[in-house]
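A look at the structure
Below are the chains, spelled out letter by letter.
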Amino acid sequence: MPPAAPASPGEPRREQLLNAADRVVQREGPAASMNAIAAEAGITKPILYRHFGDRTGLIRALTERHTGGLLTAVRAALNEPLERRDRVEHVLDTYLAGIESRPQVYRLLTHPEAGDPTGAGNALAPALRQIAEEITNAVLLQVDLGPEAQLLSEAWGRGITGMVLAAGDWWLESRPCSRARMVQALADLLWGRLAAAADLPSATMPSAEPAAEPSQAAPAARAAD
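So, a few notes on the structure that sits alongside this text. (Residues numbered from 1 in each chain as written. Predicted model: local features only at pLDDT ≥ 70, side-chain atom pairs only at ≥ 80, totals over all residues. Heavy atoms only, no water.)

**Regarding the packing of helix 4 (residues 55-78) against helix 7 (residues 125-142)**
In plain terms, the rule: The convention used is that axes are lines fitted to C-alpha atoms, helices contributing only their stretch in contact, and that angles between N-to-C directions extend from 0 to 180 degrees. Secondary structure elements follow DSSP: runs of H or I no shorter than four residues count as helices, runs of E no shorter than two count as strands, and numbering proceeds from the N terminus. In this scheme, roughly parallel covers angles under 35 degrees and roughly antiparallel covers those over 145, while 65 to 115 is roughly perpendicular and the rest are oblique. Contacts: residue pairs with any heavy atoms within 4.5 Å of one another. Polar here means any residue other than Ala, Val, Leu, Ile, Met, Phe, Trp, Tyr, Cys and Pro, which are nonpolar, and Asp, Glu, Lys and Arg, which are charged; Gly is therefore polar.
The contact between helix 4 and helix 7 brings their axes to 10 Å, and the two run at 10 degrees. Overall, the two elements helix 4 and helix 7 adopt an arrangement that is roughly parallel. In this structure, helix 4 uses Thr 67, Leu 70, Leu 71, Val 74, Arg 75 and Leu 78 to contact helix 7, whose residues at the interface are Ala 127, Gln 130, Ile 131, Glu 134, Ile 135, Ala 138 and Gln 142. For the contact of helix 4 with helix 7, the per-class residue count stands at 8 nonpolar, 3 polar and 2 charged.

Written out as structure tokens, the structure reads:
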């Protein structure tokens, strides 16, 4: 969840209001009120309602802003041309860095307030499902898991996402160690079967084609690295 950009004179009004909401949530936590957000933005509460409908609409807009950035970052990390262990650690670090950068916004999106009828505390759930699907696809396309590849990749995608969600939540709340150490601890837990499995040929080799002259084959080999 990257930090919100500061407001600028030419920035759309809606973005200015979301930036104000970000600042208030970061100061006051998930219970931040519409009154406080309106005051931060220098407007009256009816104007805030005009843009977002109600508090649920504002939470939805904040969710789209932050989960979109998190999904993009995780997807990019999964596709980095790294050795498998390095890629595992890079994905873990990307997620933990995202929630660390905006901890109060993360809490708003994951922890419902007592008696909250809006379900705001479940706002991150759709993004987590998408992250699980991204991990599933990456495992399925890159790791040779034999005849049960579909089952295992699905189970791992969801299991890894749930594990990292719970562990990241605990780490953010208690801060028992540095982010780098937490990444290493989680990677160690995941590494057993991942280390033993071979790469799929399609993940490391170019598609089979007729033999080419050395000068033509070299670029293809480099592209597959």
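From this point on, the discussion continues.
**Let's talk about the packing of aromatic side chains**
For clarity, the cut-off: Aromatic contacts are taken between Phe, Tyr and Trp rings whose centres are within 6.5 Å, Trp giving its six-membered ring; a plane angle under 30 degrees counts as stacked, one over 60 as edge-to-face, and the others as tilted. When the NZ atom of lysine or the CZ atom of arginine is within 6 Å of a ring's centre and also within 35 degrees of its normal, the charge is said to sit over that ring.
Inspection of every chain in the model, using the stated rule, returns 0 aromatic pairs. Positioned above the aromatic ring of Trp 191, the side-chain terminus of Arg 85 is 5.7 Å from the ring centre. Here Arg 175 stacks its cationic end above the ring of Trp 171, 4.7 Å away from the centre of that ring.

**Looking at the pattern of salt bridges**
This is how it is decided: Here, a salt bridge means any side-chain nitrogen of Lys or Arg that lies within 4 Å of a carboxyl oxygen of Asp or Glu. Only protein chains enter the accessibility calculation, which uses a 1.4 Å probe; a residue is then buried when its area is under 20% of its type maximum, exposed when over 50%, and partly exposed in between.
All told, the structure shown has 14 salt bridges when counted by the stated rule. With a closest N to O distance of 2.8 Å, Glu 154 and Arg 158 form a salt bridge. Residue Glu 154 and its partner Arg 158 are both found in helix 8 (residues 149-174); the two are separated by 4 residues, about one turn of the helix. A residue is classified by how much of its surface remains accessible, and Glu 154, at 30% relative accessible area, is partly exposed.

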